[in-house]
Amino acid sequence: MIERIWSGRSPLWLLLWPLSLLYGAITWLIRLSYQRGWRNRWRAPCPVIVVGNLTAGGNGKTPLVIWLVQALQQQGLRPGVVSRGYGGKAERYPLLVNQDTATEQAGDEPVLIAQRTQVPVAVAPQRRLAIEALLAAHPLDVIVTDDGLQHYALERDREIVVVDGVRRFGNGWWLPAGPMRERASRLEQVDAVVVNGGSAQAGEIAMTLQPGLAVNLLTGEQAALTQLPPIVAMAGIGHPPRFFTTLQQQGLQPVAEIAFADHHAYSEEELRSLTQDAQCLLMTEKDAVKCRHFARANWWYLPVDAHLAGAPLAALLADLTQLCTAARDARSR
């Protein structure tokens, strides 16, 4: 239903329109308060790159963060990642993520980023606290923030926005009548726009998510999707249909496709009931980080890697590299 409302296919968005105006007014005033200096912004002692989005729901932000971290590492830089840790509830903040950190504490995305990149990751609703904790523990050249485009208390050196290339901006209205956190005109002020799927427009960087081999949660065994037994597909991400479409593009026809809410907290009993004998359960990597400690032998996940292309990409990488190396050299003098 929410997809129909946000896309404009349901007239129910009109009932929510007054609330959208209120949401838009509040977010505009918050941003204005920082722009005018009525509220203080904090600047980190190293460059900060924000990866965020203008719309609610899954746009592919986390795969882009992973790609960006790895690209910065290839340039000889030492990145760290901070996140709000949505879906987690730590006893205290900031929380430094390690191999033993549970998703119940840090949230699923920070744990996934830490496992995939092996870079320092910290979680705190106030990004400043997370950055200070990271810099106190590690010598870093740059901080990448997973989300936080609207966290204006933090000064940033570069902003990268991820856009769903298929859904784009729906009906264009603020939450809750539409999917927008900020209006599309905000793109005119960011440093790069990355479009996940669909068709990238002029000046945008195209991104696709390429699936790898399926990985068994219990054993770590890898297998081609076509080698798996009949599949029950599940996804608890911002936009589950993207995962199901990926499987169809790989030539699979799952026995069932089951969507959960983003950041859903799974139980062993809940997931065991989804499959019958001779079937396997296939999930996203983001789901898998929450299920490993009670995994069954027939549970698999499908990792995806972001691939970026387009004329603006080289310029973006050159700009980020120059920004970070210049700041590092200045600190070392």
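Only a predicted model underlies this, so the values are computations on that prediction, with no experimental measurement involved.

J.: I tried to follow the UniProt feature "binding site: ATP" (unreviewed entry) in the protein on my own but got confused; where do I start?
T.: Following the UniProt record, the feature "binding site: ATP" (unreviewed entry) maps to T55, A56, G57, G58, N59, G60, K61 and T62 here. You can call T55 buried: its relative accessible area is 5%. Apart from residues lying up to four places away in sequence, T55 is in contact with R168, F169, P179, M180 and R181. There is a polar contact of 3.0 Å between the side chain of T55 and the side chain of N59. By secondary structure assignment, the location of K61 is in helix α3 (residues 61–74). Here K61 falls in the buried class, since its relative accessible area comes to 9%. With residues near it in sequence (within four places) discarded, K61 still touches V51, G52, N53, E109, D146, D147 and V162.

J.: Can you help me understand the UniProt feature "transmembrane region" (unreviewed entry) in the protein in this one?
T.: This chain's UniProt record puts "transmembrane region" (unreviewed entry) on residues 12–34. The span residues 12–34 is 96% helical and 0% strand by assignment, and the distance between its end C-alpha atoms comes to 34 Å.

J.: Just checking my understanding: could you explain the nonpolar core for this structure?
T.: Side chains of nonpolar character tend, in soluble globular proteins, to be buried together. Formed by 39 residues in total, the largest nonpolar core has its most connected members in L64, L68, I160 and L308. Ranked by residues supplied to this core, first place goes to α3 with 8 residues. Membership of the second largest hydrophobic core comes to 24 residues, among which are C46, V48, L54 and A122.

J.: Could you clarify how one ought to interpret the pairing of strand β14 (residues 299–302) in this entry?
T.: Two faces make up the sheet, and in a regular strand the side chains alternate between them. Burial along β14 is two-sided: the face carrying W299 and Y301 and the face carrying W300 and L302 are both buried. Two strands pair when backbone bridges link them, and strand β9 (residues 214–216) and β14 are joined in this way by 2 bridges, in the antiparallel orientation. Following the sheet pairing, N216 is matched in β14 by W300. As paired elements, strand β13 (residues 280–284) and β14 share 4 bridges and run parallel to each other. Following the sheet pairing, L282 is matched in β14 by W300.

J.: Where do I start with the sheet that holds strand β4 (residues 121–123) in this structure?
T.: Picture the strands of a sheet paired through backbone hydrogen bonds; they go either parallel or antiparallel. The sheet built from 9 strands is open, its strands ordered β3-β4-β2-β5-β1-β6-β7-β8-β15 with mixed pairing. The sheet is open, and its two borders are formed by β3 (95–96) and β15 (304–309), each paired with just one other strand. Where strand β2 (residues 79–83) lies against strand β5 (residues 142–146), 5 bridges are found, and the strand directions are parallel. The residue of β5 that forms the bridge with S83 is D146. Contacts from helix α10 (residues 311–332) reach β1 (48–52), β5, β6 (158–164), β7 (192–196), β8 (205–211) and β15, with the element oriented near 150 degrees to β6.

Criteria and thresholds
Residues numbered from 1 in each chain as written. Predicted model: local features only at pLDDT ≥ 70, side-chain atom pairs only at ≥ 80, totals over all residues. Heavy atoms only, no water. UniProt positions renumbered as here; feature names shortened; annotations may be inferred. Buried < 20%, exposed > 50% of the residue type's maximum accessible area, 1.4 Å probe, protein only. Contact = heavy atoms within 4.5 Å. Polar contact = N/O pair within 3.5 Å; in protein donor to acceptor, adjacent residues only side chain to side chain. Helix = DSSP H or I, 4+ residues; strand = E, 2+ residues; numbered from the N terminus. Core = buried A, V, L, I, M, F, W, Y, C linked by side-chain atoms within 4.5 Å. Pairing = 2+ DSSP bridges. Axes fitted to C-alpha atoms, helices over the stretch in contact; angles between N-to-C directions.

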